[in-house]
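What the coordinates show
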Amino acid sequence: MKKNLSLRSALKVALRMGVSAAAIATMPLQITYAASNDGSLVGTITSSDQKSLEGIEITVRNPETGFTRTVKAEPDGSYRFPFLPVGKYIVEGTRNGATLGKLTEVTVGLGVATTADVTVNVSNVEEIFVVGTRVVRAVDVRSTESSTNLTREDLERLPVDRDIASVALLAPGIATGDSGLCEDRTTCVSFGGSSVAENTIYINGLNVTDFYNRVGASSVPYAFYKEFEVKTGGYSVEFGRTTGGVINAVTRSGTNEFEYGTEVAWKPHSLQSSKRNRFNPDGTARIIGSYDQYDSTSATFYASGPIVKDKLFFFALYEARDYQPENTSDDGETFYKAKEDSGFWGAKIDWQINDKNLLELLAFSDENEEVRDGYGFDFVSGSQGSYQETRFTDNGGLNWSATYTTYLTDNFSAKALYGENNREFSRFGLNDLECSRFRDQRGATPRDLGCTSTSAVTERDDTREAARLDFEWVLGEHQLRFGLDHETNSSAYEQFYPGPDRLLYEIYVTREPTNYFGTTVPAGTEFIRTRQNEVDGEFETINSAYYLEDNWQVTPKLLLNAGVRVEAFDNKNSDGDSYIKMDDMIAPRFGFSWDVKGDNRSKIFGNAGRYFLPVANVINIKQAGGFLDRRDYYYLDRLESFEYNGELSLRPILGAQFASDDSQGDGTVGDLRGEVDRDLDPVYQDELILGFQSMIDDKWSWGVRGIYRELNNAIDDIQITSTGIFCGGEPVSAGYVMANPGRPVTIYSDTDCDGEADGWVTVDTGRGGWALNDGDENYLGSDAGYTEPRRNYKALELMIDRAWDDLWSFNAVYTLSYSKGNAEGPINSDTDFGDTGRTEAFDDPWVNYGSYGYLPNDHRHQLKVRGAYALGEHWQVGGTLTAQSGRPISATGDCNPFDGSCFYSFFILNDSTGQYELRRRGSAGRTPWIFDLGANVTYRHSFSAADLKVTLAVYNLLNQQRVVEVNEELGSTGDRRNEFYGFGTGYQAPRYGLLTVKLDF
């Protein structure tokens, strides 16, 4: 990959400038914000005689690592420590060289400011006695963000599955996304009504989010994590490139104690309930799952300790895996046996160079291979047939980062990070050289009829080169934070369909006379559509930003936060030329926090901000990489059976060809000026939050928060069939264009009717761009426009929390929310279309016309409860409960009352009146409530040489398997009605159990 030498040089210059500027920095301040992989500590020393506190210095010392930092307390007794590594600290004091002793002990958490206020008395012999200490972490009066923090110890007390999505789902306002959009279920979550393609995930400050399609992330074992922070809103200008939420995590580190241990996690099929089979009214299989099961075992081995005591530490972990899933295809005709046994390794080095300089090195590999064998299967007898094929799926890669932190003065600190995040993906089957895929699309559920089921032969290599520099500088009552954030995201990509001719064959049947690109096909006609879908090339996107933030302590009680992040996105084609370039995107953020009583125990807070979303690399590949998507239509002659690997399969014999279409990609990199809006505006969201949070006593706290989010734009491929230029009475078409739907689009087009693009034209897609036709591609003499995308989210959250005190803990959150609009986001749950930024929502104006309503991620009510209780010295129990109302159901048609085009729409033809009726989005009811109850029991015992922990956890204890997704395509009328409308397409996973045995030496 190419190295960005100019950026590295810039970072060095900026660091030198920061060092020089630090010399004029003034008094430290009691406010602080933490960076993405550490925390901070603030507090005040108070006495009846404040003058007696002159000359006091405060020292924090981590007893596990020996890390020590010292700052001078201000005349008012305040002190602060920014950029502290997460962990436990002892706070000590000295005055005029004399030791004052231990003041308190604190735990510094990820991304938050922990407050430690100490009250002392001064004796007549100049001794200081600690009278009382108050440590507050539940209410961070110096933060305007909304976040949920969970430590490794918190999660070990709860029945939370071992992936990052399960951790995130404990936070308010987060729901699981549609399964059809997420092959990687471990990151498939929706924050605050956003789609699952709008989130960002960090590990030790390194962005590990999938940038190819923005769904998924690099995978780290549960045992490697130390603490999680789930940011659900109001996050500072340090974070960007997301209109959803942020999952921020740090990994474990070594200490001065040599430690090692093992943890075995086992999910046996004997602790799994059977998946229920689902059938259509005619008795045909819809989803067969009663033979689905798996055995999953992971054995983790770790070691940590000092390389040089108090200076250099290591933590290393290896996880051996054995995952063996078995399942049938939905139609119950194929049985799959798979195996994954690739191991994970991760390591972290921490070098405390001195008390002012730290260096952290992180590396891990999440490379994984799945080998899946397919066999014929007889559902009635449950017998396995002959071998059919083997499929190989590889993913993951090598990831690393280096982070340098320097405390230049008490008032000025800096942090620099550079790293690489790699995700490779490939999928192919042994049959793919000889077998083309053949699918039956005539029923409710597509079925494979040929000798391969591989959707595409794909190989992809995505590498992110990330660099950032963060500064913190205190000037009197102002705390300034500023920095640079730069990523180069490179994708090498190749894709084609299996088979010697690289074609996908699909059989359809017309339910009424239908026009296909100029040919009208009678009702009841069976035909074959072949599709050639190929792309090959290397693509790059550069995302960069710089930010500045001022945290102003206006009074001891009032903190004002004002910041700005300036973003730039540069997407390049396979030749390395920019074709989507948006810069100077200004994202302001404003917030306040009012310490109501001035005791760090309650606050009223709020913030307003703007957040931009980058264009995924899949757009570079599909739009700017010689993308070929050719579809040819043939009458069906007959189906021919043949034997392959001992199984009978079918293949079509083609009749006469009657249509062809390559409008979505002809295999060449065209003049992108005609395929991308010259003045493309970015996708952004505005957010407003107002909340209150308070301690009830030293353990209990409660809070309330109101949220409003509004997505103000979208980038999608929209079909422009009329540029406003007419040749021979017919409008000039531009085909599919990356644009902002409902806004003016400027493209390079044919203006003099010679068939060649020669000039710029501007089309106001809010009023035109679509040539009305009669269904036989005859122009009706007028144009129609597109509806501008809209999405808004309103929510009220209520929270109560009791902190763990070695006896019990409790947390409950209720969320009342409304997610409304006509566009879910860059991907579409309505049709399970997962190419981010290339949805079907704007393929013609009628897909979204009149569709404003409740969106797929709208769950009106959410109640989340979690808690743990200690039963004596050795036993603990824990539980979680999620009660969530269902998602909206729509009824989509496939034609409209305005012209002869037939695709998706929200219009249904009334058989009685013969008129089209608008069925607004979400107007067909909702899926049922779901209830997910989890429980665990833990036994702990300490031996002379080791600590033992055994946990049995059960998930979905009630074994509810309620429907969570349904078929929403109703069709139009008569034979075009979909008899399978409203049938379930996705259900809750059955009950399963996890046994974990852990030994720490």
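Residues numbered from 1 in each chain as written. Predicted model: local features only at pLDDT ≥ 70, side-chain atom pairs only at ≥ 80, totals over all residues. Heavy atoms only, no water.

1. Observations regarding the state of the cysteines
Each disulfide consists of a covalent bond between the sulfur atoms of two cysteine residues. For the structure shown, the criterion picks out 3 disulfides. The disulfide partner of C727 is C753, and the S-S distance across this bridge is 2.0 Å. One quick way to see it: the torsion about the S-S bond of C727 and C753 is about -90°, and its sign makes the bridge left-handed. Of the two residues, C727 is situated in strand β44 (residues 726–727) and C753 in the loop between β47 (744–749) and β48 (759–764); the sequence distance between them amounts to 26 residues. A residue is classified by how much of its surface remains accessible, and C753, at 40% relative accessible area, is partly exposed. (Disulfide = S-S within 2.5 Å. Helix = DSSP H or I, 4+ residues; strand = E, 2+ residues; numbered from the N terminus. Buried < 20%, exposed > 50% of the residue type's maximum accessible area, 1.4 Å probe, protein only.)

2. Quick look at the side chain of R372
Relative to the assigned elements, R372 resides in strand β24 (residues 368–378). The charged side chain of R372 is buried without a salt bridge, its nearest counter-charge being E389 at 5.1 Å. (Lys, Arg positive; Asp, Glu negative; His and termini not counted. Salt bridge = Lys/Arg side-chain N within 4 Å of Asp/Glu carboxyl O.)

3. Some points on the nonpolar core
By size, the foremost hydrophobic cluster in this structure holds 34 residues, and its most contacted members are L155, F224 and F364. Broken down by secondary-structure element, the contributors of at least two residues to this core are α3 (164–168), β11 (189–191), β12 (200–203), β14 (225–233), β15 (246–251), β20 (312–328) and β23 (357–365). Ranked by residues supplied to this core, first place goes to α3 with 4 residues. The contact partners of F224, leaving out residues within four places of it in the chain, are T251, R252, F315, L317, F344, G346, A347, L362 and F364. Membership of the second largest hydrophobic core comes to 27 residues, among which are V535, F569, L613 and L680. (Core = buried A, V, L, I, M, F, W, Y, C linked by side-chain atoms within 4.5 Å. Contact = heavy atoms within 4.5 Å.)

4. Focus: the pairing of strand β22 (residues 344–354)
Looking at chain direction, β20 and β22 are connected through 8 bridges and run antiparallel. Bridge pairing in β22 links F313 to D350. As judged from the 9 bridges shared by β22 and β23, these two strands associate in the antiparallel manner. Looking at the pairing, G346 lines up with F364 of β23. (Pairing = 2+ DSSP bridges.)

5. Observations regarding the sheet that holds strand β6 (residues 98–108)
The 4 strands are arranged β3-β2-β5-β6 in an open sheet whose pairing can be described as antiparallel. At either margin of the open sheet sits one strand with a lone partner, and together these are β3 (68–72) and β6. Mean inter-strand twist for the sheet, computed between neighbouring axes without regard to direction, equals 20°. Taken together, the 9 bridges between strand β5 (residues 87–95) and β6 define a ladder with antiparallel strand orientation. Within the sheet, the bridge partner assigned to G87 lies in β6 and is V108. (Axes fitted to C-alpha atoms, helices over the stretch in contact; angles between N-to-C directions.)

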